[in-house]
Amino acid sequence: MDKRLEKPYFSSARDTIKEIVGIDIEECEDEDLDNGEIISYGVGSIINFTGKIKGRFMIDLEPDLAFITASKILNKACDNLKDKEFIAAVAKMNYLIATNANNYINNSYSLE
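This section reports on the structure supplied with the text.

**Some words on the overall build of the protein chain**
Tallying secondary structure elements over the protein chain gives three helices and two strands in all. By residue count, 34% of the 112 residues in the protein chain fall in the buried class.

Structure representation (structure tokens):
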């Protein structure tokens, strides 16, 4: 990923999760890869972006944090990774993260 995109996406993810759940998160340093593959914490989602620069930003959450986040978004308890409402709540979180990051990137770098 283009280095100019890393900070806006991480900052947006950190700020969005802080706003929704009230939890401070930290960026993972380079993960040790097992046979060249990333091992998920449990709930992974990818934000794809296109334009002058193309890339992907992966959000990987432990199930407990994903359930807490989805529960806050939906205003009801979530405890099933396969529940359509849970998946929709994670998608909404991704939308918020992507919107904030893309607005910053477009305003800062004119990458539209």
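**A word on the nonpolar core**
One finds Tyr9, Ile47, Ile59, Leu61, Phe86, Met93 and Ile97 to be the most contacted residues of the largest nonpolar core, which totals 26 residues. Elements with a contribution of two residues or more to this core: α1 (3-21), β1 (43-49), β2 (55-61), α2 (63-74) and α3 (84-109). Top contributing element to this core by residue count: α3, with eight residues. Leave out the neighbours within four places in its chain, and leucine 61 touches Ile17, Tyr41, Gly42, Val43, Ala66 and Met93.

**Topic: the pattern of salt bridges**
Under the counting rule described, the total for this entry stands at three salt bridges. The closest approach of N and O atoms between glutamate 85 and lysine 76, which form a salt bridge, is 2.5 Å. Assessed through its relative accessible area of 36%, glutamate 85 is described here as partly exposed. The class of lysine 76 is partly exposed, set by a relative accessible area of 40%.

**Quick word on the pairing of β1**
Side chains Val43, Ser45, Ile47 and Phe49 project from β1 onto a buried face, and the interleaved Gly44, Ile46 and Asn48 project onto a face without burial. Strand direction decides the pairing type here: β1 and β2, joined by seven bridges, are antiparallel. Bridging across to β2, isoleucine 46 finds its partner in methionine 58. Between β1 and β2, which pair antiparallel and follow one another directly, the connecting turn spans five residues, one of which, glycine 51, has a positive phi of 135°.

**Examining unusual backbone geometry**
Of note in this structure, asparagine 75 is not a glycine but carries a positive phi near 60°. Relative to the assigned elements, asparagine 75 resides in the loop between α2 and α3.

**Some remarks on the packing of aromatic side chains**
Using the criterion set out here, one finds two aromatic pairs in the structure. Ring centres of tyrosine 9 and phenylalanine 57 lie 5.2 Å apart, and the angle between their planes is 35°; on these two criteria the pair is classed as tilted. Taken as a pair, tyrosine 9 in helix α1 and phenylalanine 57 in strand β2 lie far apart in primary sequence, 48 residues in all. Consider the rings of phenylalanine 67 and phenylalanine 86, whose centres lie 5.3 Å apart with planes at 55°: the pair is tilted. You can see phenylalanine 67 sitting in helix α2 and its partner phenylalanine 86 sitting in helix α3, a full 19 residues away along the chain. A relative accessible area of 14% means that phenylalanine 67 is categorised as buried.

**A few points about α2**
With twelve residues, α2 extends 16 Å between its outermost C-alpha atoms, agreeing within 8% with the 16 Å of an ideal straight helix rising 1.5 Å per residue. Burial in α2 covers these residues: Leu65, Ala66, Phe67, Thr69, Ala70 and Ser71. Just past α2, the residue asparagine 75 takes up positive phi, approximately 60°.

What counts and how
- Residues numbered from 1 in each chain as written.
- Predicted model: local features only at pLDDT ≥ 70, side-chain atom pairs only at ≥ 80, totals over all residues.
- Heavy atoms only, no water.
- Helix = DSSP H or I, 4+ residues; strand = E, 2+ residues; numbered from the N terminus.
- Buried < 20%, exposed > 50% of the residue type's maximum accessible area, 1.4 Å probe, protein only.
- Core = buried A, V, L, I, M, F, W, Y, C linked by side-chain atoms within 4.5 Å.
- Contact = heavy atoms within 4.5 Å.
- Salt bridge = Lys/Arg side-chain N within 4 Å of Asp/Glu carboxyl O.
- Pairing = 2+ DSSP bridges.
- Phe/Tyr/Trp six-rings, centres within 6.5 Å; stacked < 30°, edge-to-face > 60°.
- Expected span 1.5 Å × (residues − 1).

Honestly, that's just the spatial picture; any functional story needs more than this.
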